[in-house]
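Overview (structure and organization)
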Amino acid sequence: MKTYFIAGHARLPAGMAAHNMYDVLTITAEVDCNYGVIIEANCTLATEHGRQFISELLKGYSLRHSVDEPIEAIRQHYLGKAGNALVSALRDLYKQYELQYEAKHS
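One structure accompanies this document, and this report is about it. (Residues numbered from 1 in each chain as written. Predicted model: local features only at pLDDT ≥ 70, side-chain atom pairs only at ≥ 80, totals over all residues. Heavy atoms only, no water.)

**Describing the pairing of strand E2 (residues 24–32)**
Consecutive side chains of a regular strand alternate in pointing toward one face of the sheet and then the other. Our working rule: Note on classification: 1.4 Å probe, protein chains only; a residue is buried when its accessible area is under 20% of the maximum for its type, exposed when over 50%, partly exposed between these limits. Helix and strand labels come from DSSP, where a helix needs a run of H or I of at least four residues and a strand needs a run of E of at least two; each type is numbered from the N terminus. Paired strands, in this sense, are two strands between which DSSP finds at least two bridges.
Taken across its nine residues, E2 has seven buried, putting it largely inside the fold. Note: E2 against strand E3 (residues 38–43), five bridges, orientation antiparallel. Residue pairing across strands places Val-31 opposite Ile-38, the latter belonging to E3. Connecting the antiparallel pair E2 and E3 is a turn made up of five residues, with Gly-36 showing a positive phi of about 70 degrees.

Here it is as structure tokens:
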């Protein structure tokens, strides 16, 4: 297999619809092993539209060197209450990616 499946987690703010379903927001991503490119992404936002939006927003970004670009994309284009949780979950996902990448290339 030439991809990783990685998950990142963050606490959701109170008062959100998704908070009634989950205490934690999760972002999952299938990432190319060679280039670190996000092939597919998903998250636990409450609405299908929100999940689809985040998926499309994150596809194509490379995690090879940093997570700054996809974080900036979330900050610019996602204006909902879960913005900070999405950023935190993406940072957590990136930490998991770094651990996998370092383990493979050490």
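Still more ground to cover, so stick around.
**Topic: helix H2 (residues 48–58)**
Structural remark: α-helix, 3.6 residues per turn; residues separated by three or four positions point the same way. Put simply, the rule reads: In this description, one arc is meant: the one made by directions from the helix axis to the C-beta atoms. Whether two residues touch is decided by their heavy atoms; if any such pair falls within 4.5 Å, the residues are in contact.
The complete set of buried residues in H2 reads Gly-50, Ile-54, Ser-55, Leu-57 and Leu-58. Seen along its axis, H2 keeps its buried residues to an arc of 165 degrees; they face one direction. Residues of H2 that are exposed and point more than 90 degrees away from the buried face comprise His-49 and Glu-56. The inward-facing, buried residues of H2 contact E2, E3, helix H3 (68–77) and helix H4 (83–104). At the C-terminal side of H2, Gly-60 shows a positive phi close to 95 degrees.

**Points about the nonpolar core**
For clarity, the threshold we go by: Among the buried residues, those of types Ala, Val, Leu, Ile, Met, Phe, Trp, Tyr and Cys that are joined through side-chain atoms within 4.5 Å form a nonpolar core.
The biggest cluster of nonpolar side chains holds 31 residues, and the ones touching the most others in it are Ile-27 and Leu-86. Within the residue set of this core, elements represented by two or more residues are strand E1 (3–11), E2, E3, H2, H3 and H4. At eight residues, H4 tops the list of elements feeding residues into this core.

**Description of the packing of aromatic side chains**
Our working rule: Aromatic contacts are taken between Phe, Tyr and Trp rings whose centres are within 6.5 Å, Trp giving its six-membered ring; a plane angle under 30 degrees counts as stacked, one over 60 as edge-to-face, and the others as tilted.
A complete count under the given rule lists two aromatic pairs for this structure. With centroids separated by 6.4 Å and ring planes inclined at 75 degrees, the aromatic side chains of Tyr-4 and Tyr-97 adopt a geometry described as edge-to-face. Highlighted residues: Tyr-4 in strand E1 and Tyr-97 in helix H4, separated in sequence by 93 residues. Using a relative accessible area of 1% as the deciding quantity, one classes Tyr-97 as buried. With a centroid separation of 6.4 Å and an interplanar angle of 25 degrees, the aromatic rings of Tyr-94 and Tyr-97 are classed as stacked. One end of the pair is Tyr-94 and the other is Tyr-97, both in helix H4 and three residues apart, which spans about a single turn. Each member of the pair Tyr-94 and Tyr-97 is classed as buried. A network of ring pairs unites the aromatic residues Tyr-4, Tyr-94 and Tyr-97 as a single cluster.

These figures come from the coordinates and say nothing about function on their own.
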